[in-house]
Amino acid sequence: QVHLVESGGGLVQTGGSLRLSCAVPGRTFNSYGWFRQAPGKNREFLGRISGVGGTTLYADSMKGRLTLTKDNAEDTAYLQMNSLKPEDTAVYYCAVDFRGGSRDAYNYWGQGTQVTVSS
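These numbers were taken from a predicted model, which means no experiment stands behind them.

Caption draft 1: Representation of the state of the cysteines within the structure. Within this structure, the stated rule accounts for 1 disulfide. Covalently, C22 is tied to C94 through a disulfide, its sulfur atoms 2.0 Å apart. Across the disulfide from C22 to C94, rotation about the S-S bond amounts to roughly 65 degrees, and the bridge is consequently right-handed. Taken together, the residues C22 in strand 3 (residues 18-23) and C94 in strand 9 (residues 90-98) connect sequence positions 72 residues apart.

Caption draft 2: The arrangement of the nonpolar core in detail. Counting 34 residues, the largest nonpolar core has L18, W34, L46, L66, L79 and M81 as its most contacted members. Looking at this core, the elements with two or more residues in it are strand 3, strand 4 (31-37), strand 5 (44-50), strand 7 (66-71), strand 8 (76-81), strand 9 and strand 11 (113-118).

Caption draft 3: Broad picture of the pattern of salt bridges. According to the stated counting rule, one finds 5 salt bridges in the structure shown. Among the salt bridges present, the one from D88 reaches R36, with a minimum N-O distance of 2.8 Å. In this pair, D88 is assigned in the loop between strand 8 and strand 9 and R36 in strand 4, connecting sequence segments 52 residues apart. When its relative accessible area of 9% is taken as the criterion, R36 is described as buried. Between D88 and R65 there is a salt bridge; the shortest N-O distance is 2.8 Å. Taken as a pair, D88 in the loop between strand 8 and strand 9 and R65 in the loop between strand 6 (56-58) and strand 7 lie far apart in primary sequence, 23 residues in all.

Caption draft 4: Structural detail: the pairing of strand 5. Of all 7 residues that make up strand 5, 5 are buried, and the element is covered over most of its length. Pairing of strand 4 with strand 5 involves 6 bridges; the strand directions are antiparallel. Bridge pairing links W34 to G47 in strand 5. A loop of 6 residues connects strand 4 with strand 5, the two strands running antiparallel in sequence, and G40 in this loop sits at a positive phi of about 75 degrees. The pairing of strand 5 with strand 6 spans 3 bridges and is antiparallel. Pairing of I49 across the sheet is with T56, part of strand 6. Here strand 5 folds back onto strand 6 in antiparallel fashion, the turn holding 5 residues, of which G53 has a positive phi close to 100 degrees.

Thresholds, definitions, all that
- Residue positions are given per chain, counting from 1 as you read along its sequence in written order.
- Owing to the predicted nature of the model, reporting of local features is limited to residues with pLDDT of at least 70; listing and counting of side-chain atom pairs is limited to 80 or more, with chain, interface and lining totals taken over all residues.
- Note: side-chain values were computed over all heavy atoms of the structure, leaving out hydrogens and water.
- Criterion for a disulfide: a pair of cysteine sulfur atoms at a distance within 2.5 Å.
- Helix numbers and strand numbers start at the N terminus; a helix is a DSSP run of H or I with at least 4 residues, a strand a run of E with at least 2.
- Put simply, a nonpolar core is a bunch of buried Ala, Val, Leu, Ile, Met, Phe, Trp, Tyr and Cys residues held in one set by side-chain atoms that sit within 4.5 Å of each other.
- Relative accessibility decides the category of a residue: with a 1.4 Å probe and only protein chains considered, values under 20% of the type maximum give buried, values over 50% give exposed, and everything between is partly exposed.
- Whenever a carboxyl oxygen of Asp or Glu lies within 4 Å of a side-chain nitrogen of Lys or Arg, that contact is scored as a salt bridge.
- In this analysis, strands are considered paired if DSSP registers two or more bridges between them.

This is the structure in structure tokens:
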């Protein structure tokens, strides 16, 4: 059983920043992916970071605003997003254990954390 613990969501003002964390204590996975889903929209890939080495891949729409990092000592991945806009309002998810293939091919998903950007 793999239990991902997400935290850091909440209400943010336009132009502000958010930092989300995704902890899987005691486990290191090949990849940690980040996604979001806004009401009425499909789930959107934001980026991913490798578990070892910290190699990152960002969605084109996120380049320049998104930074993914990982603290290996804490087995925790982080998402930092800047210059937030109301359209960034969504439930944000992390996922681990990438199967390969499509960008959302992960075996384990967090519970999601709500981020609301006020205008």
